[in-house]
Amino acid sequence: MFVDQVQVKLKAGKGGDGCVSFRREYRVPRGGPDGGHGGNGGSIYFVSGASIHSLAYFRFRPVLKAKNGAPGEGSNKYGKRGSDLRLPVPVGTVVREEGKEGVLFDFVLPGQAYLAAKGGKGGRGNASYATSTHQTPREWEPGRPGEENELVLELKLIADVGLVGFPNAGKSTLISKISAARPLIADYPFTTLTPNLGVVDAGTSRSFIVADIPGLIEGAHLGHGLGIRFLRHIERTKVLVHLVDVSPYTERNPVHDFGVVMKELESFNPVIARRSQILVANKVDLLGGDKSRLTSLKRMAGRKKIPFYAISAIKGEGLSRLVGAMAKTLDGLEKEGGEKP
Ligand SMILES: Nc1nc2c(ncn2[C@@H]2O[C@H](COP(=O)(O)OP(=O)(O)OP(=O)(O)O)[C@@H](O)[C@H]2O)c(=O)[nH]1
Ligand SMILES: [Mg+2]
């Protein structure tokens, strides 16, 4: 099961109460105060692990609690501290506060830890209240409550290639033809409501992950259509494959469609808009005699120096060349990255 967003309620442990006690020993008539401090409550941490790949663990554990600290004891003994809860999350997880926009923490490497709810401090025992003028203190301090937080964990898919384009451009059709993913495909916009991942096998040595996300329309950054929140799933892809429907049935201009999607990408995150792109004209099987829609898009790609491919996703035409180009682009980027010190 793939879970990409969960809500969790965290309750850190309460601190143990301070203790009131006086030393009572044979032949020690007036032993002083010896009540120890309460132990601190356990804290809750999220910890990223390389071998964890989903947030499924949290689905059945919506409320998570750390242990309370034990009360202090006589003979100046501290209460035992409550043990911490360390919750494993996959790399790519983002922590947010429920109902708020900002990001609290972003796990980008394995082994990172984030303190999500701090345990309450243990209370002072009566021994610590003793002064020269106040030798039999009966004061003690209750343990403090642990932090309670309602957080949202989001997993950004870490795909190599992200498919972008208008609704109905054929993104899901393409991923279903080049991988084992079987997303819903239909002749209406916004068929895809949640992202799909597919593993593409490109020849002997190379495989990579492609993400199919919901389509974008003009004003998506203002919330039109399904909005742009899904773009976070392709924020970390290395390559974008931008699909444009060149069939006459859209009654739109393919060059204009390209510009609209670029503008939406730009408003979500300008870094994504500048990422390596492969431009793909889809549905060429529907062109008939008039190829002008295809050529105008191709010419624009030439001007902007964007690699360009024409395919029919549904008929499987041009797909092996396209997959080859994706693999080659990824190889090239890895080499580039590898050469850096
Ligand atoms: N003729 C033709 N139809 C295609 C081609 N590729 C996709 N389609 C059709 O176009 C429609 C939309 O395809 P999808 O793959 O669902 O499009 P999408 O981009 O995933 O759409 P959203 O999920 O809504 O964003 C479906 O009816 C497909 O059968 C193609 O190459 N040729
Ligand atoms: Mg789709």
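Just so you know, these numbers come straight off a predicted model, no measurement behind them.

*Asks:* Is there a simple way to think about the overall build of the protein in this case?
*Replies:* Looking only at helices and strands, the protein features six helices and 14 strands. In terms of overall dimensions, the protein is more spread out than a globule: its C-alpha atoms have a radius of gyration of 29 Å, far above the 20 Å expected for 341 residues. Within the protein, contacts between residues separated by at least 24 positions form 73% of all contacts whose residues are at least 6 apart in sequence. Here the protein has roughly 17800 Å² of accessible surface; of this, 52% comes from carbon and sulfur atoms.

*Asks:* Looking at this structure, how should I read the sheet that holds strand 10 (residues 196-202)?
*Replies:* Sheets are built from strands that pair by backbone hydrogen bonding, the pairs being arranged parallel or antiparallel. In spatial order, the strands read 10-11-9-12-13-14; together these six strands make up an open sheet with mixed pairing. At either margin of the open sheet sits one strand with a lone partner, and together these are strand 10 and strand 14 (308-310). The mean inter-strand angle of the sheet, taken between neighbouring strand axes irrespective of direction, is 25°. Taken together, the three bridges between strand 9 (residues 161-165) and strand 11 (residues 206-212) define a ladder with parallel strand orientation. When the bridges of strand 11 are listed, Leu 163 appears paired with Asp 212. Against the sheet, helix 2 (residues 171-178) makes contact with strand 9, strand 10, strand 11 and strand 12 (239-245), and its axis sits at roughly 45° relative to strand 10, the strand it touches most.

*Asks:* What is the right way to read the site of ligand 1 from this model?
*Replies:* Taken together, 24 residues surround ligand 1, and among them Asn 168, Lys 171, Thr 173, Phe 190 and Thr 192 come closest. Residue Asp 285 places a side-chain N or O atom 2.8 Å away from a nitrogen atom belonging to ligand 1. In this structure, an oxygen atom belonging to ligand 1 sits 2.9 Å away from a main-chain N or O atom of Ala 313. About the coverage of ligand 1: the protein hides 91% of its 650 Å² of free accessible area. Considered class by class, the residues forming the shell around ligand 1 number eleven nonpolar, nine polar and four charged.

*Asks:* Looking at this structure, I do not really get the coordination of the magnesium ion (ligand 2). What am I missing?
*Replies:* Tetrahedral metal sites with four donors have an ideal angle of 109.5 degrees; octahedral sites with six donors have ideal angles of 90 or 180 degrees. Taken together, Ser 172 (OG) and Thr 192 (OG1) make up the protein donors of the magnesium ion (ligand 2), found 1.9 to 2.1 Å from the metal. You can see Ser 172 sitting in helix 2 and its partner Thr 192 sitting in the loop between helix 2 and strand 10, a full 20 residues away along the chain. Using a relative accessible area of 9% as the deciding quantity, one classes Ser 172 as buried. According to the relative accessible area criterion, Thr 192 is buried, its value standing at 10%.

*Asks:* Is there a simple way to think about the packing of aromatic side chains in this case?
*Replies:* Inspection of every chain in the model, using the stated rule, returns four aromatic pairs. Ring geometry for Phe 105 and Phe 107: centres 4.7 Å apart, planes at 70°, overall edge-to-face. Judged by relative accessible area, which is 0%, Phe 107 ranks as buried. Taking the centre distance of 5.2 Å and the plane angle of 20° together, the rings of Phe 105 and Tyr 114 count as stacked. Grouping aromatic residues by their ring pairs yields a cluster made of Phe 46, Tyr 57 and Phe 58. Over the face of the ring belonging to Tyr 57 we find Arg 61, whose NZ or CZ atom lies 3.9 Å from the ring centre. Just above the ring of Tyr 129 sits the side chain of Arg 124; from NZ or CZ to the centre is 4.1 Å.

*Asks:* I'm lost on the side chain of Asp 245 in this one. Help?
*Replies:* Turning to its location among the elements, Asp 245 is positioned in strand 12. Within the structure, Asp 245 has its side chain in polar contact with the side chain of Ser 247 (distance 2.8 Å). A polar contact of 3.1 Å, which involves the side chain of Asp 245, links it to the side chain of Lys 283. Look past the residues within four positions of Asp 245 in its chain and what remains in contact with it is Asn 168, Ala 169, Thr 250, Pro 254, Asn 282 and Lys 283.

*Asks:* I would appreciate a short explanation of the pairing of strand 12 in the present structure.
*Replies:* Across the seven residues that make up strand 12, a large majority, seven, are buried. Every second residue of strand 12 is oriented toward a common face, with Val 239, Val 241, Leu 243 and Asp 245 on one face and Leu 240, His 242 and Val 244 on the other, all of them buried. The sheet contact formed by strand 12 and strand 13 (residues 276-282) spans seven bridges and is parallel. Opposite Val 241, over in strand 13, you have Ile 278 as the bridge partner.

*Asks:* Looking at this model, I keep getting lost on the nonpolar core. Mind explaining?
*Replies:* Inside soluble globular proteins, nonpolar side chains tend to come together where they are buried. In terms of nonpolar packing, the biggest core is built from 30 residues, with Phe 258, Leu 265, Leu 279 and Leu 297 touching the most fellow members. Discounting residues that sit within four places of it in the chain, Phe 258 has contacts with His 242, Val 244, Gln 277, Leu 279, Leu 297, Met 300, Lys 304 and Ile 306. Core analysis: the second largest hydrophobic core is formed by 26 residues, Val 161, Phe 208, Leu 322 and Met 326 among them.

Rules and cut-offs
- Within each chain, residues carry numbers counting from 1 in the order of the written sequence.
- Working convention: letters from A go to chains and numbers from 1 go to ligands, in the order in which they are written.
- At least 70 in pLDDT is required for a residue's local features to be given in this predicted model, at least 80 for side-chain atom pairs to be given and counted, and no such filter applies to totals for whole chains, interfaces and linings, which use all residues.
- Side-chain numbers here rest on the full set of heavy atoms in the structure, without hydrogens or water.
- Working definition: helices are DSSP H or I runs of at least four residues, strands are E runs of at least two. Numbering for both runs from the N terminus.
- A radius of gyration in this sense is built from C-alpha atoms; the matching globule rule multiplies 2.2 Å by the number of residues raised to 0.38.
- Contact criterion: two residues are considered in contact whenever any of their non-hydrogen atoms come within 4.5 Å of each other.
- Per-residue and other accessible areas were derived by the Shrake-Rupley procedure at a 1.4 Å probe size, with only the shown protein chains allowed to occlude residues.
- Strands were regarded as paired on the criterion that DSSP finds at least two bridges between them.
- Interaxial angles span 0 to 180 degrees and are taken between N-to-C directions of axes, which are lines fitted to C-alpha atoms, for helices over the stretch in contact.
- Distances are taken per atom, and a residue is near a molecule or strand as soon as one of its heavy atoms is within 4 Å of it.
- Under the rule applied, a polar contact is a pair of N or O atoms within 3.5 Å (in protein, one hydrogen donor and one hydrogen acceptor; residues adjacent in sequence only if both atoms are side-chain atoms).
- Residues are grouped as follows: nonpolar covers Ala, Val, Leu, Ile, Met, Phe, Trp, Tyr, Cys and Pro; charged covers Asp, Glu, Lys and Arg; every other residue, Gly included, is treated as polar.
- For Na, K and Ca the donor cut-off is 3.2 Å, while for other metals it is 2.8 Å, and in both cases only N, O and S atoms qualify; water is not among them, so sites may look incomplete.
- When accessible area is computed with a 1.4 Å probe and restricted to protein chains, residues below 20% of their type maximum are described as buried, those above 50% as exposed, and intermediate ones as partly exposed.
- Each aromatic pair joins two rings of Phe, Tyr and Trp (for Trp, the six-membered one) with centres within 6.5 Å, and gets the label stacked for planes under 30 degrees apart, edge-to-face for over 60, and tilted for any other angle.
- Sitting over a ring, as applied to charges here, requires NZ of Lys or CZ of Arg to be within 6 Å of the ring centre and within 35 degrees of the ring normal.
- Only buried residues count toward a nonpolar core, which is a set of Ala, Val, Leu, Ile, Met, Phe, Trp, Tyr and Cys residues joined through side-chain atoms within 4.5 Å.

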